[in-house]
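The primary structure of each chain is shown beneath.
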Amino acid sequence: MTTRSPTLTRRSLLAGAAMMATSATAYAVMPRHAEHRLARRKLGTLISKQIGPWQNSSAVGIVVTNSEVDQSDGYDQLLTRVYSAPGLPTIMLLIAYGSTQGGSLQLHRPETCYPGQGFHIGDFEETDFGFRAGSVVQARRFTAWRDSRTERLVYWTRIADSFPLDTAHEYSAIFNSVLRGIVPDGALIRISTIGENIANSDLAITNFARSMIATATPMGRQILIGQT
């Protein structure tokens, strides 16, 4: 009659328990819901063509990189518009939306893309927008120079309902969503204007951003600033 080794039995139980724990953890963090908010909507219908005193006039002059144009590189929809108003700086708007953020599908930050278009960049600042009571959108702004063009930019990125300021925080936001069983969506909102008076540019961009949020449709506000 063969007897079982107590040691072997304990090892088997421990190995089995470890495998069960690993499987349970993998199942627990497996995404079960995707935040594809624009599955049946066009981004351009959610953002007003009249924003405060600014009226959409064209899309000429906006810096668009290859990464932003290539929709296979993380973006499902891309909106580019130029807004003009009498006596005010012309505003350039770019919104890039990606339904699935994770792995290699990341938002392409302007401070990485602009040098590839021949720009020198500097004057970096971080700023907060209080578009809604009790919530803050963290944004970044900087200046880009190329030849005689001086462009002042403000942008923010949204992953789910977070506003990461760098790639490391993007990964953290993605990971936190996956832990909740959600494949997060993401958007990059970039607002800029051309002019050497930085203070005037910042004021115009801030006023435009606030009016854009106020005039966007409810779904448009979700795309821009999430559900915070």
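Please refer to the structure placed before this passage.
Residues numbered from 1 in each chain as written. Predicted model: local features only at pLDDT ≥ 70, side-chain atom pairs only at ≥ 80, totals over all residues. Heavy atoms only, no water.

(A) Molecular detail of helix H4 (residues 167-179). Taking 1.5 Å of rise per residue, 13 residues should cover 18 Å, and H4 covers 18 Å from first to last C-alpha, within 8% of that figure. Listing the buried residues of H4 in full gives Glu 170, Ala 173, Ile 174 and Ser 177. Down the axis of H4, the smallest arc covering the buried residues is 95°, so these residues share one side. Pointing more than 90 degrees away from the buried face of H4 are the exposed residues Ala 168 and Phe 175. Packed against the buried residues of H4 are strand S8 (149-159) and strand S9 (182-183). Capping of H4 at its N-terminal end is provided by Asp 166; its side-chain oxygen lies 3.3 Å from the backbone amide nitrogen of Ala 168. Phi for Gly 181, located one or two positions after H4, is positive at around 80°. (Helix = DSSP H or I, 4+ residues; strand = E, 2+ residues; numbered from the N terminus. Expected span 1.5 Å × (residues − 1). Buried < 20%, exposed > 50% of the residue type's maximum accessible area, 1.4 Å probe, protein only. Arc of directions from axis to C-beta. Contact = heavy atoms within 4.5 Å. Polar contact = N/O pair within 3.5 Å; in protein donor to acceptor, adjacent residues only side chain to side chain.)

(B) Region of the structure containing the nonpolar core. Counting 34 residues, the largest nonpolar core has Ile 47, Trp 156, Ile 189, Ile 191, Met 212 and Leu 224 as the members making the most contacts within it. For this core, the elements supplying multiple residues, two or more each, are strand S4 (77-84), strand S5 (91-98), strand S6 (120-132), strand S7 (135-146), S8, strand S10 (186-194), helix H5 (198-215) and helix H6 (218-225). It is H5 that contributes the most residues to this core, six residues altogether. With 18 residues, the next largest nonpolar core counts Ile 62, Val 63, Tyr 75 and Leu 107 among its residues. (Core = buried A, V, L, I, M, F, W, Y, C linked by side-chain atoms within 4.5 Å.)

(C) Up close: H6. Every buried residue of H6 is accounted for by Met 219, Gly 220, Ile 223, Leu 224 and Ile 225. On its buried face, H6 sits against S5, S6, S7, S8, S10 and H5. Directly after H6, the chain includes Gly 226, whose backbone phi takes a positive value near 70°.

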